[in-house]
Amino acid sequence: MSGTTKILFSAFDIGGGNAILPVINKISKIKGFKMLCVIGGPSKEIFKREKIKFINGDELKDGDLTKIIKDFDPSLFVGGTSLIGITIDRKLLLLSKKQKIKTICVLDFWINYRRRFSDKDGDFKYLPDMICVMDKRAKMEMIREGFDGKAIKVTGNPYFDDFSKIQSSPCSVVPSKL
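Residues numbered from 1 in each chain as written. Predicted model: local features only at pLDDT ≥ 70, side-chain atom pairs only at ≥ 80, totals over all residues. Heavy atoms only, no water.

### Here we look at the packing of aromatic side chains
No. 1: Enumeration over the complete set of coordinates arrives at 4 aromatic pairs.
No. 2: For the pair Phe-109 and Trp-110, a centre-to-centre distance of 5.4 Å together with 70° between the ring planes defines the contact as edge-to-face.
No. 3: The class of Phe-109 is partly exposed, set by a relative accessible area of 43%.
No. 4: Taking 5.6 Å as the distance between ring centres and 80° as the angle between the ring planes, the aromatic pair formed by Phe-117 and Phe-147 counts as edge-to-face. Note that Phe-117 is positioned in helix H5 (residues 113-117) and Phe-147 in the loop between helix H6 (136-144) and strand S7 (152-154), a separation of 30 residues in sequence. (Phe/Tyr/Trp six-rings, centres within 6.5 Å; stacked < 30°, edge-to-face > 60°. Buried < 20%, exposed > 50% of the residue type's maximum accessible area, 1.4 Å probe, protein only. Helix = DSSP H or I, 4+ residues; strand = E, 2+ residues; numbered from the N terminus.)

Right, here's the structure in full:
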């Protein structure tokens, strides 16, 4: 498949799954891309509901993940962020970096910046090449916490770019006079 860009996606926490799902949906409509999703934890329910094919990352060992990366041979890793533990998105981020694959994480909320990218000792162990954030506020707060501003790109939150989801939410039945 020459000329095809291969992207490996992963998420564990719900916020991370919600943040990367719209990206997956948009890219799936563009020719020249091949995607593979390795999803774990609560994000699996989002992907099941949206009928997005994925590999269940909760059942994989490190050797399995290494084989997936070797066989798929992605040029880019895109992940959500997780707060606690050594989650599937964190494992794949580290393995991708080890293989010199470009890495991007999409931030989903304005809190716990350092925890999302650090190990238990507070070291930036899970820092990707680029972090996509919701707005300038998030970027400035992250810089104040010691992140390199050059690696932070303001892109908005892809989940909120699709207002059709919001229109169909339970909140849409609340009278507009409130």
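That was the structure; now back to the text.
### Section: the pattern of salt bridges
No. 1: The full count for this structure, using the stated rule, is 6 salt bridges.
No. 2: Linking Lys-48 and Glu-45 is a salt bridge whose minimum nitrogen-to-oxygen distance equals 3.4 Å. Taken together, the residues span about one helical turn, with Lys-48 and Glu-45 both in helix H2 (residues 43-49) at a distance of 3 residues.
No. 3: Given a relative accessible area of 48%, Glu-45 falls into the partly exposed group.
No. 4: A salt bridge links Lys-67 to Asp-71; its shortest N-O distance comes to 2.6 Å. Separated by 4 residues within a single helix, Lys-67 and Asp-71 lie in helix H3 (residues 62-72), roughly one turn from each other. (Salt bridge = Lys/Arg side-chain N within 4 Å of Asp/Glu carboxyl O.)

### Some words on unusual backbone geometry
No. 1: In this model, Lys-100 sits at a positive phi of 65°, which is unusual for a non-glycine residue.
No. 2: We note that Asn-112 has phi near 55°; this positive angle belongs to a residue other than glycine.
No. 3: Inspection of the secondary structure assignment puts Asn-112 in the loop between strand S5 (102-106) and H5.
No. 4: Looking at Asn-112, the relative accessible area reads 27%, which means it is partly exposed.

### Quick look at the side chain of Ser-96
No. 1: Following the sequence through the fold, Ser-96 ends up in helix H4 (residues 88-98).
No. 2: When near neighbours in sequence (up to four residues on either side) are disregarded, Ser-96 contacts Leu-8, Ile-69, Phe-77, Ile-101 and Thr-103. (Contact = heavy atoms within 4.5 Å.)

### Here we look at the confidence of the model for the protein chain
No. 1: In this model, the protein chain carries a mean pLDDT of 88, and residues with pLDDT of at least 70 account for 87%.
No. 2: Across the protein chain, element-level confidence peaks in strand S3 (residues 55-56) with a mean pLDDT of 98 and bottoms out in helix H8 (residues 163-167) with 44.
No. 3: Counted against residues more than four places away or in other chains, residues 163-178, with its pLDDT under 50, gives 6 contacts. (pLDDT = per-residue confidence, 0-100.)

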